[in-house]
Amino acid sequence: MGLLGRSFNGISYSYGGGESIYEIRLEGVISAEKYSNILSGGTVTPEEIMSQLDEAEDNPDVKAILIRVNSPGGSAAASQEIFEEIKKIEKPVVVSVSETCASGAYYISSAADKIIANRSSSVGSIGVIMQIPNYEDLYEKLGLKYTTIKQGKYKDVGSPDRPMTGEEIDLFEAQLNEIYRQFISDVAEARGMDVSEVEELATGWVFLGTEALELGLIDGIGNYKDAIKIAAELGKIEGEPVIIGKQVSYSLMDLIFGYFVSSTIERIF
């Protein structure tokens, strides 16, 4: 990753000093895995985002942070890590929604001072899902058999070679419900809403930007340039701001390897 400077409104900016907005790109699936995924278009890891937040916070020239979001969500734990880090930031943080700010991505965005989305942006999807595959019938057709040797009653929970027991499903449902409550509670606190208000919206449904504004999930309708202007105002930047940030690139091996990296059991926002 390398530091970059670029133009805004047709004006070119240098890499040097000046009152700046630090731009962070949150694009793709949110995951602890650092590899890009060919099908999803990439992953966002907590380490990547948190390192950029630290750099922006430590840079005296940076007066505000802009997070450009286009993500369907991802891992619950990874999303919470980023959410908690944004809450610690003392400088103004503005989220600019491109196309999608759903689930874990909305969780993260709710910690910002302002969320700006387009009229037709997809926003929300407050909910949690877990999918555990069962390949038992397929294995039988292929003549594949598993021998499981374990210590610990639940050590093989979620194994794809057998159906889950009712007890195991109950345990997972209890965990999922706890994560769901955390999601609702954190969004309510971050957005200054009643928990009951967020509960009514926490159906997993995705709202248009115009709907999200009426429901209190975002703060305004606008595009990328509008969000920059708002970030500049919150950061008390005089004149045109310098836009700086880091550019993340992936090698071909990252893309290929990322296609094969997956988790069998993962709580997903």
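Residues numbered from 1 in each chain as written. Predicted model: local features only at pLDDT ≥ 70, side-chain atom pairs only at ≥ 80, totals over all residues. Heavy atoms only, no water.

Assigned secondary structure in the protein consists of 9 helices and 11 strands. The buried share of the protein, reckoned over its 269 residues, is 43%. Taking contacts inside the protein between residues at least 6 apart in sequence as the whole, the part at least 24 apart equals 75%. A total of about 14,200 Å² of accessible surface is found on the protein, and carbon and sulfur atoms cover 50% of it. (Helix = DSSP H or I, 4+ residues; strand = E, 2+ residues; numbered from the N terminus. Buried < 20%, exposed > 50% of the residue type's maximum accessible area, 1.4 Å probe, protein only. Contact = heavy atoms within 4.5 Å. Areas by Shrake-Rupley, 256 points an atom, 1.4 Å probe, with all protein chains shown as cover.)

This brings us to the nonpolar core. Ile-65, Ile-67, Ile-86, Tyr-106 and Ile-126 are the most contacted members of the largest nonpolar core, which totals 51 residues. Looking at which element gives the most residues to this core, the answer is helix α5 (residues 166-191), with 7 residues. With residues up to four places along the chain from it excluded, the contact list for Ile-67 reads Ile-24, Leu-26, Ile-86, Val-93, Val-94, Val-95 and Ser-96. Core analysis: the next-biggest nonpolar cluster, separate from the first, contains 12 residues, Ile-21, Ala-64, Ile-228 and Ala-232 among them. (Core = buried A, V, L, I, M, F, W, Y, C linked by side-chain atoms within 4.5 Å.)

For strand β2 (residues 20-27), the buried fraction is high: 6 of the 8 residues fall into the buried class. Taken together, the 8 bridges between β2 and strand β5 (residues 62-71) define a ladder with parallel strand orientation. By the bridge assignment for β5, Ser-20 is matched with Val-62. (Pairing = 2+ DSSP bridges.)

Glancing now at the packing of aromatic side chains. One pass over the full model with this rule turns up 4 aromatic pairs. Clustering of aromatic rings is evident, with ring pairs tying together Phe-83, Tyr-107 and Phe-183. (Phe/Tyr/Trp six-rings, centres within 6.5 Å; stacked < 30°, edge-to-face > 60°.)

For the rest of this paragraph, the subject is the pattern of salt bridges. Counting across every chain of the model gives 11 salt bridges. Glu-27 is paired through a salt bridge with Arg-25; the nearest N and O atoms lie 3.1 Å apart. Given a relative accessible area of 36%, Glu-27 falls into the partly exposed group. Overall, the relative accessible area of 38% leaves Arg-25 in the partly exposed class. Here the residues in one salt-bridge network are Lys-150, Asp-156, Arg-162 and Glu-168, joined through shared partners. (Salt bridge = Lys/Arg side-chain N within 4 Å of Asp/Glu carboxyl O.)

So, about the packing of helix α1 (residues 46-58) against helix α2 (residues 76-88). Two elements in contact, α1 and α2, have axes separated by 9 Å at closest approach and are oriented at 5°. It follows that α1 is roughly parallel to α2 by the angle criterion. Touching Pro-46, Ile-49, Met-50, Leu-53, Asp-54 and Glu-57 of α1 are Ala-78, Glu-81, Ile-82, Glu-85, Ile-86 and Lys-88, all from α2. Here the contact of α1 with α2 is composed, by residue class, of 7 nonpolar, no polar and 5 charged. (Axes fitted to C-alpha atoms, helices over the stretch in contact; angles between N-to-C directions. Parallel < 35°, antiparallel > 145°, perpendicular 65-115°, else oblique. Nonpolar A, V, L, I, M, F, W, Y, C, P; charged D, E, K, R; others polar.)

A word on α2. Between the first and last C-alpha of α2 there are 19 Å, a value that for 13 residues agrees with the 18 Å anticipated at 1.5 Å per step. Within α2 the residues assigned to the buried category are Ala-76, Ala-78, Ser-79, Ile-82, Phe-83, Glu-85 and Ile-86. Looking at the buried positions of α2, the neighbouring elements they touch are β3 (29-30), α1, β5, β6 (93-102), α3 (104-109) and α5. Between the side-chain oxygen at the start of α2 and the backbone nitrogen of Ala-77 there is a gap of 3.4 Å, and the oxygen is on Ser-75. (Expected span 1.5 Å × (residues − 1). Polar contact = N/O pair within 3.5 Å; in protein donor to acceptor, adjacent residues only side chain to side chain.)

The next point concerns the pairing of β6. Counting buried residues along β6, 8 of its 10 residues qualify, which places the element largely inside the surrounding structure. Bridge count for β5 against β6 is 6 bridges, and the pairing is parallel. Opposite Ile-65, over in β6, you have Val-93 as the bridge partner. With α2 bridging β5 and the parallel β6, this β-α-β connection has right-handed handedness. Bridge count between β6 and strand β7 (residues 114-117): 3 bridges; the pairing is parallel. Paired with Val-94 across the two strands is Lys-114, which belongs to β7. Running through α3, the crossover from β6 to the neighbouring parallel element β7 is right-handed. (Right-handed = clockwise from strand over helix to strand, strands pointing away.)

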